[in-house]
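Listed below, chain by chain, are the residues.
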Amino acid sequence: MKVELRHNPSSTVARCVLAGGEPVRVESGAMVAHSAGVTLEAKAEGGILAGIRRSVLSGESFFVSTFTAPVNGGWVDVAPSLPGDMLALPIAVDRPYFISRGGWIAHSAGVRVESQWGGFANLFGGEGGFGLRAEGQGEVVVGVFGAIDVFDLAPGEQVSIDTGHVVAYDLAMQFTIRRAVSGRSLQSLKSGEGLVFDFTGPGRVLLQTRNPRAFASWTASVSSG
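Not measured: the values here are computed from a predicted model.

Now for a nonpolar patch on the surface. A surface patch of nonpolar side chains, amounting to about 390 Å² of accessible area, comprises Leu82, Phe215, Trp218 and Val222. Its location among the elements puts Phe215 in helix 3 (residues 212–224).

As structure tokens, then:
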């Protein structure tokens, strides 16, 4: 599978170009268009229990759509629900990634995607908790709200990122989750910040420049006001 990005960075569409008979697995509802002869099958990838874990715990769809190209090849266009950029994230056998809720859009046949616990942020009203673990060999198409920033951290290099802006990270990295103002809940509340990830390299972290949860809260306040 080859991924071609169009209309980026604000309204990106990813075209997944497939060889003959090659499948691509897509988040339910993310397909924009596909070429003639491409077939569709929707099922709970990994079985019923895996579908339940993915939908209940990770906030993704119960069913995964599998598009398969005809013998002469084809393409499938996919896009996220929120406006923003997209990225084809390479997955290697020895380099699995954690993908936050809402970030996964599609993946190639050599990649396995399953629910995984990503931290305690959701227990305290943040955006962490369960997400998706992507492992195997291939690519994952990731969608973000806003633009994408990529941090490639050197050994020992550190960065702190608000939990709502983290999209994906290398699972080999060391990280912790804490209040924005360490040990002081009231100060964190006053600052307008909640929980942050502290990452330590080596490894890669992807973040989005806009926070979907903050946007949803702002939209609700405007609507009610």
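On we go.
What follows deals with the packing of aromatic side chains. Counted according to the given criterion, the structure contains seven aromatic pairs. Taking 5.0 Å as the distance between ring centres and 55° as the angle between the ring planes, the aromatic pair formed by Tyr169 and Phe175 counts as tilted. When its relative accessible area of 29% is taken as the criterion, Phe175 is described as partly exposed. Ring geometry for Tyr169 against Phe199: centres 5.2 Å apart, planes inclined by 55°, an arrangement best described as tilted. Taken together, the positions of Tyr169 in strand 16 (residues 166–170) and Phe199 in strand 18 (residues 195–200) put the pair 30 residues apart, joining distant regions of the chain. Using a relative accessible area of 1% as the deciding quantity, one classes Tyr169 as buried. Classification of Phe199 as buried rests on a relative accessible area of 0%.

Take the sheet that holds strand 13 (residues 138–143) next. Taken in spatial order, the six strands line up as 5-6-3-10-13-8 in an open sheet, and their pairing is antiparallel. Each end of this open sheet is capped by a strand with a single partner; those strands are strand 5 (39–43) and strand 8 (86–91). Here the average twist between neighbouring strands, direction ignored, is 20°. Pairing of strand 5 with strand 6 (residues 64–68), which is carried by five bridges, proceeds in the antiparallel orientation. Residue pairing across strands places Thr39 opposite Thr68, the latter belonging to strand 6.

Below, the discussion takes up the confidence of the model for the protein chain. Do not read the fine detail of predicted coordinates wherever pLDDT is low. Summarising the model, the protein chain shows a mean pLDDT of 83, and 78% of its residues fall at 70 or more. Predicted confidence is poor over residues 56–60, with pLDDT under 50, and the contacts of this stretch with residues over four places away or in other chains come to 21 contacts. Confidence drops under pLDDT 50 across residues 119–128; counting only partners more than four residues distant or on other chains, this segment forms 24 contacts.

What follows deals with unusual backbone geometry. Cis rather than trans, the peptide bond between Asn8 and Pro9 has omega equal to 10°. Residue position: Pro9 is located in the loop between strand 1 (2–6) and strand 2 (13–18). Going from Gly201 to Pro202, the amide bond is cis rather than trans, its omega being 15°. At His7, a position not held by glycine, the phi torsion is positive, near 60°. Looking at the element boundaries, His7 is found in the loop between strand 1 and strand 2. Assessed through its relative accessible area of 52%, His7 is described here as exposed.

Turning next to the side chain of Glu22. Among the secondary structure elements, Glu22 is positioned in the loop between strand 2 and strand 3 (23–27). One buried charged side chain, Glu22, makes no salt bridge at all; its nearest oppositely charged neighbour is Arg25, positioned 9.0 Å away. A polar contact of 2.7 Å, which involves the side chain of Glu22, links it to the backbone nitrogen of Met1. Once you skip the residues sitting within four places of it in the chain, Glu22 turns out to touch Met1, Val17, Phe67, Thr68 and Ala69.

The rules behind the values
Residues numbered from 1 in each chain as written. Predicted model: local features only at pLDDT ≥ 70, side-chain atom pairs only at ≥ 80, totals over all residues. Heavy atoms only, no water. Patch = residues over 30% accessible without salt bridge, like charges linked within 9 Å, V, L, I, M, F, W, Y side chains within 5 Å. Areas by Shrake-Rupley, 256 points an atom, 1.4 Å probe, with all protein chains shown as cover. Salt bridge = Lys/Arg side-chain N within 4 Å of Asp/Glu carboxyl O. Helix = DSSP H or I, 4+ residues; strand = E, 2+ residues; numbered from the N terminus. Phe/Tyr/Trp six-rings, centres within 6.5 Å; stacked < 30°, edge-to-face > 60°. Buried < 20%, exposed > 50% of the residue type's maximum accessible area, 1.4 Å probe, protein only. Pairing = 2+ DSSP bridges. Axes fitted to C-alpha atoms, helices over the stretch in contact; angles between N-to-C directions. pLDDT = per-residue confidence, 0-100. Contact = heavy atoms within 4.5 Å. Lys, Arg positive; Asp, Glu negative; His and termini not counted. Polar contact = N/O pair within 3.5 Å; in protein donor to acceptor, adjacent residues only side chain to side chain.

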